[in-house]
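Residues per chain, in single letters:
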Amino acid sequence: MVLKFTNSGGIVQVISMMRVAKRILAIPTVAPLRELKKRLDYYIAFKNFQRMAEKTNNRFALSAADAFPCLNDATDVPAFGEYFFHLAWAARKIRDITPEKVYDFSSHTHFAGILSAFFPVVYHEFRHVEVRLDKLHTKSADLCALTDIDNNCLSCVTCMHVIEHIGLGRYGDPLDYDADIKALEELKRIVAVGGDILLVIPVGNPARIEFNAHRIYDVAGVLASFSAGFSLEELSVCVHRPEGWQLKLHVAAQEVANEHYAVACLHLKKINLGKL
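Worth saying up front: this structure is predicted, and the values here are computed from it rather than measured.

Caption draft 1: Here's a closer look at the packing of aromatic side chains. All chains considered together, the criterion is met by five aromatic pairs. With a centroid separation of 5.1 Å and 85° between ring planes, the pair formed by F84 and F85 is classed as edge-to-face. When its relative accessible area of 43% is taken as the criterion, F84 is described as partly exposed. Geometrically, the ring pair formed by W245 and Y261 is edge-to-face, given 6.3 Å between the ring centres and 85° between the ring planes. Here W245 is found in strand 9 (residues 244-248), whereas its partner Y261 is found in the loop between strand 9 and strand 10 (262-270), with 16 residues between them in sequence. Pairwise contacts between aromatic rings join F80, F84 and F85 into one cluster. A cation sits over an aromatic face here: K188 above F226, 5.3 Å from the ring centre.

Caption draft 2: Focus on the nonpolar core. Counting residues in each nonpolar core, the largest one holds 38 residues, and the members touching the most others are F105, L143, I163, L187, I197 and L199. Among the secondary structure elements, those contributing two or more residues to this core are strand 1 (102-105), strand 4 (154-160), helix 5 (179-190), strand 5 (191-203), helix 6 (219-225), strand 8 (230-241) and strand 10. In this view, I163 contacts L143, D180, A183, L184, L187, L199, I201, R215 and Y217; residues no more than four positions away in its chain are not counted. Residues L87, I94, Y123 and M160 belong to the second largest nonpolar core, which totals 21 residues.

Caption draft 3: Structural view of the sheet that holds strand 8. Across the sheet, which stays open at both edges, the eight strands sit in the order 3-2-1-4-5-10-8-9 with mixed pairing between neighbours. Whereas interior strands pair on both sides, the edge strands pair on one side only; in this sheet they are strand 3 (136-140) and strand 9. Strand-to-strand twist across the sheet, computed as the mean angle between neighbouring axes with direction ignored, equals 15°. Inspection of the sheet shows strand 8 paired to strand 10 by nine bridges, in the antiparallel sense. For S231, the partnering residue across the bridge sits in strand 10 and is K269. Against the sheet, helix 3 (residues 82-97) contacts strand 1, strand 4, strand 5, strand 8, strand 9 and strand 10, and its axis sits at roughly 170° relative to strand 5. Relative to the sheet, helix 5 contacts strand 1, strand 4, strand 5, strand 8 and strand 10, its axis offset from that of strand 5 by approximately 155°.

Caption draft 4: View of helix 3. If you check helix 3, its first and last C-alpha atoms are 22 Å apart, about what 16 residues at 1.5 Å a residue would give, namely 22 Å. Taken together, the buried positions of helix 3 are occupied by E82, F85, H86, L87, A88, W89, A90, K93 and I94. Downstream of helix 3 by a residue or two, T98 has a phi angle that is positive, lying close to 50°.

Caption draft 5: Here's a closer look at the state of the cysteines. Throughout the structure, instances matching the rule amount to zero disulfides. Sulfur of C238: no disulfide; nearest cysteine sulfur belongs to C265 and is 4.1 Å away. Overall, the relative accessible area of 0% leaves C238 in the buried class.

Caption draft 6: Local environment of unusual backbone geometry. The residue after N205, namely P206, is reached through a cis peptide bond having omega 5°. By the element assignment, P206 lies in the loop between strand 5 and strand 6 (208-210). Looking along the chain, the bond that leaves F211 and enters N212 is cis, with omega of -5°. Note that N212 resides in the loop between strand 6 and strand 7 (214-216). In this model, N152 sits at a positive phi of 50°, which is unusual for a non-glycine residue. Inspection of the secondary structure assignment puts N152 in the loop between strand 3 and strand 4. Accessibility expressed as a relative area gives 27% for N152, which makes it partly exposed.

Caption draft 7: Examining helix 2 (residues 33-54) more closely. Counted at 1.5 Å a residue, the expected span for helix 2 with its 22 residues is 32 Å, and the 32 Å between its end C-alpha atoms agrees. Those residues of helix 2 that sit buried are R39, Y42, Y43, F46, Q50 and A53. Down the axis of helix 2, the buried side of the element spans an arc of 100°, and every buried residue falls inside it. Those residues of helix 2 that are exposed and angled more than 90 degrees off the buried face are L33, R34, K37 and M52.

The rules behind these values
Residues numbered from 1 in each chain as written. Predicted model: local features only at pLDDT ≥ 70, side-chain atom pairs only at ≥ 80, totals over all residues. Heavy atoms only, no water. Phe/Tyr/Trp six-rings, centres within 6.5 Å; stacked < 30°, edge-to-face > 60°. Buried < 20%, exposed > 50% of the residue type's maximum accessible area, 1.4 Å probe, protein only. Helix = DSSP H or I, 4+ residues; strand = E, 2+ residues; numbered from the N terminus. Lys NZ or Arg CZ within 6 Å of the ring centre and 35° of its normal. Core = buried A, V, L, I, M, F, W, Y, C linked by side-chain atoms within 4.5 Å. Contact = heavy atoms within 4.5 Å. Pairing = 2+ DSSP bridges. Axes fitted to C-alpha atoms, helices over the stretch in contact; angles between N-to-C directions. Expected span 1.5 Å × (residues − 1). Disulfide = S-S within 2.5 Å. Arc of directions from axis to C-beta.

Structure below.
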């Protein structure tokens, strides 16, 4: 795009506008054109809204210092992503299991908070957490070493979109290549015989680490790790298609074996002590 001006005043005006926009919107020195257009559209909308405020009962402070650009929300449809579907899946599983208490290990905080309206929840988190909410008890815990929890004692354990992060340092945890294996072994150890584990992890082909975001697992390998002492009650999966994310219930492992990225939702029941 080439801009031409018939006088230097136009250039000065544009430069001045860009300086103000940069102050308000924090436009980087180099930005993709699409991102730059979003920010300029925001700046124009902001100035138009300021003019509207001047013509009516100005009930709020409105200044560049309070600018809070939300540039990616004007979509054609609301976002129903993988977190929406896997948390909805887990909530329905908890409804059907009807446990006396849910022991959650670092799943989405919204899940723990909402679930505690219906079931007592003990929420464990690597980082320090302290929340005051009826029927929600929070504890600090290292999922790789749950030394204060006995063997075979918890009836319902949830751990969703967590295992894949452990040991990659993303959340301030120490680097440990095999931390995910240690965490899985701890989950298997603490759940009681007859108890349930709801486990959500990303799966894909090839299995890989996208450092330091997460690991992506081979679904057959995950199932094999629970072959001793556990039964697979359900495998469902969140997959992305051109029309958006979808939740597919009760699928076979082969159906997701060739997905580049999907989210496996596993309901596992401890049927005996296995190798423990």
